[in-house]
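What follows is each chain in one-letter form.
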Amino acid sequence: MVKNALRTVLFSFFILSCCACSVSPSYSRRDIESTIKNLCKQEFNIDVKVWEAGDTIWVYSPFEKIVNSKGGLENDVSERIRRILLSLRRVILSMENRPKFYCFVASDINVGFDLYYVWRINDLVLFEVGYISLGDFQEREAFIYALNTKALGDTEGSHISRYDIKLGEFISYLIKQNIEKKFNSENVKDNFRINDLRTRYYNGKLEINFNIMIKKYKEGLLYPFDEAVAVTKKILKVYDYPAEIKEVTIHDAFNKKSRFYTRKALIEDK
């Protein structure tokens, strides 16, 4: 529910931003932290914490309450997130030597809840110049959320681990998200139960592990292992089978089936 609400906020943000064809001044990569902070403060009176970690920009915004009684985002949260993202867009799109990734973190400091939104900045650029569609861009956004007691009372973002996100890790988020979306879709959600779904990238290895149980069989039903393979290939193809991912392992615990791929094998088995 929270993920869907955030997607709605982002959809309206990108539609509006495409219509705002104003010319922005050039910004220096050297000043990116202070520039984003100052723009949020001066234009919208929003205080954010910004850190640069290698080629990843982290932006943190604490909230007193993120989720409403219906499970969606509070109205003021939606507007604040939209304005923060608008500030980011202005800075990033008028900057040379852009960073590679952006990670926005919103925390509910009373409940202890973190909401991460990660995108690859080059995908934003491709969308802005019309090379990819809004639908394509939305498939390349990663959302991660979880309860976290370390977020309680943290207005400074000290509980956030800031590091340089790598493409392999980002791809692992997208694969997990796409598999989850497929088996939670309206037409099949009553037929499956996701008992476990984890993806991990480490040292050139991408691992996809899942336990997706068939609750109600019907003719033509999706086969989880085949769908996981298809999603993995699809996402890897989007990013031209990056050389940093040297091997992929897909393990279906429910059906006790595993398969190992080299990068070369995935490219040849399109």
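So, how was this worked out
Residues numbered from 1 in each chain as written. Predicted model: local features only at pLDDT ≥ 70, side-chain atom pairs only at ≥ 80, totals over all residues. Heavy atoms only, no water. Pairing = 2+ DSSP bridges. Helix = DSSP H or I, 4+ residues; strand = E, 2+ residues; numbered from the N terminus. Axes fitted to C-alpha atoms, helices over the stretch in contact; angles between N-to-C directions. Contact = heavy atoms within 4.5 Å. Phe/Tyr/Trp six-rings, centres within 6.5 Å; stacked < 30°, edge-to-face > 60°. Buried < 20%, exposed > 50% of the residue type's maximum accessible area, 1.4 Å probe, protein only. Parallel < 35°, antiparallel > 145°, perpendicular 65-115°, else oblique. Nonpolar A, V, L, I, M, F, W, Y, C, P; charged D, E, K, R; others polar. Salt bridge = Lys/Arg side-chain N within 4 Å of Asp/Glu carboxyl O. Domains from an automatic or database assignment. Buried area = accessible area lost by both parts, 1.4 Å probe. Polar contact = N/O pair within 3.5 Å; in protein donor to acceptor, adjacent residues only side chain to side chain. Core = buried A, V, L, I, M, F, W, Y, C linked by side-chain atoms within 4.5 Å. Expected span 1.5 Å × (residues − 1).

What follows concerns the sheet that holds strand β6 (residues 192-202). Across the sheet, four strands lie side by side as β6-β7-β8-β9; this open sheet has mixed pairing. On the outer flanks of this sheet lie β6 and β9 (257-262), each paired with one strand and no other. Strand after strand, the sheet turns through a mean of 10° between neighbouring axes, direction not considered. Relative to strand β8 (residues 247-252), strand β7 (residues 205-214) runs parallel, the two sharing six bridges. Residue pairing for β8: Leu 206 is matched across the bridge by Val 248. Across the sheet, helix α6 (residues 167-183) is in contact with β6 and β7; its angle to β6 comes to roughly 170°.

Our next topic: the packing of aromatic side chains. Tallied over the full model, the rule gives 11 aromatic pairs. Judged by centre distance (5.5 Å) and plane angle (55°), the ring pair of Trp 58 and Tyr 163 falls under tilted. Here Trp 58, found in strand β2 (residues 56-63), pairs with Tyr 163, found in the loop between β5 (141-147) and α6; they are 105 residues apart in sequence, far enough to count as distant. A relative accessible area of 32% places Tyr 163 in the partly exposed class. Considering the side-chain rings of Trp 119 and Phe 137, the 6.0 Å spacing of their centres and the 65° angle between planes classify their relative orientation as edge-to-face. Here the residue Trp 119 occupies a position in strand β4 (residues 113-120), and Phe 137 occupies one in helix α5 (residues 134-139), the gap between them amounting to 18 residues.

Attention now goes to the packing of helix α3 (residues 75-93) against helix α4 (residues 121-128). Put simply, α3 and α4 touch, their axes get as near as 11 Å, and they point 85° apart. Considering their axes alone, α3 and α4 lie roughly perpendicular with respect to each other. Across from Arg 89, Ile 92 and Leu 93 in α3, the residues of α4 making contact are Ile 121, Leu 124, Val 125 and Glu 128. For the contact of α3 with α4, the residue count by class is five nonpolar, no polar and two charged.

Moving on, we come to the pattern of salt bridges. Inspection of the entire model under this criterion finds 17 salt bridges. Note that Arg 89 and Glu 128 form a salt bridge whose closest N and O atoms lie 2.9 Å from each other. You can see Arg 89 sitting in helix α3 and its partner Glu 128 sitting in helix α4, a full 39 residues away along the chain. The partly exposed category is assigned to Glu 128, whose relative accessible area is 23%. Through salt bridges that share partners, Arg 29, Glu 52 and Asp 55 make up one connected network.

Right, let's get into the domain arrangement of the protein. Looking at the protein, the domain boundaries give domain 1 (32-164) and domain 2 (168-268). In this complex, domain 1 contributes 12 residues to the contact, which on the side of domain 2 involves nine residues. Interface area for domain 1 against domain 2, summed over the two sides, is near 910 Å², with a carbon-plus-sulfur share of 56%. The largest share of the area that domain 1 buries against domain 2 comes from Glu 139, Arg 140 and Tyr 163, three residues that together contribute 47% of it. The interface formed by domain 1 and domain 2 holds one salt bridge in total. For Lys 234, the salt bridge identified is with Glu 139, shortest N-O distance 3.3 Å. Run the count over domain 1 and domain 2 and you get six residue pairs in polar contact (both at pLDDT 80 or more). For the side of domain 1 that touches domain 2, the elements supplying multiple residues, two or more each, are β4 and β5. Residue classes in the side of domain 1 that touches domain 2 are distributed as seven nonpolar, no polar and five charged.

This next bit is on the nonpolar core. Of all hydrophobic cores here, the largest spans 40 residues; its most connected members are Phe 170, Ile 171, Ile 179, Val 248 and Ile 250. Only β1 (49-53), β2, β3 (101-108), α6, β6, β7, α7 (224-238) and β8 provide two or more residues apiece to this core. Examining the composition of this core, we find that seven residues originate from one element, α6, more than from any other. Formed by 36 residues, the second largest nonpolar core is a distinct cluster that contains Phe 44, Leu 88, Tyr 117 and Phe 127.

With that out of the way, let us pick up α7. If you check α7, its first and last C-alpha atoms are 21 Å apart, about what 15 residues at 1.5 Å a residue would give, namely 21 Å. Every buried residue of α7 is accounted for by Pro 224, Phe 225, Glu 227, Ala 228, Val 229, Val 231, Thr 232, Lys 233, Ile 235 and Leu 236. Among the structural elements, α6, β6, β7, β8, β9 and α8 (263-268) are those in contact with the buried residues of α7. Asp 240 sits one or two residues past α7 and shows a positive phi near 60°.

Another aspect to go through is the pairing of β1. Pairing of β1 with β2, which is carried by five bridges, proceeds in the antiparallel orientation. When the sheet's bridge partners are listed, Lys 49 is paired in β2 with Tyr 60. The hairpin turn running from β1 into β2, its antiparallel successor, is two residues long, and Gly 54 in that turn takes a positive phi close to 65°.

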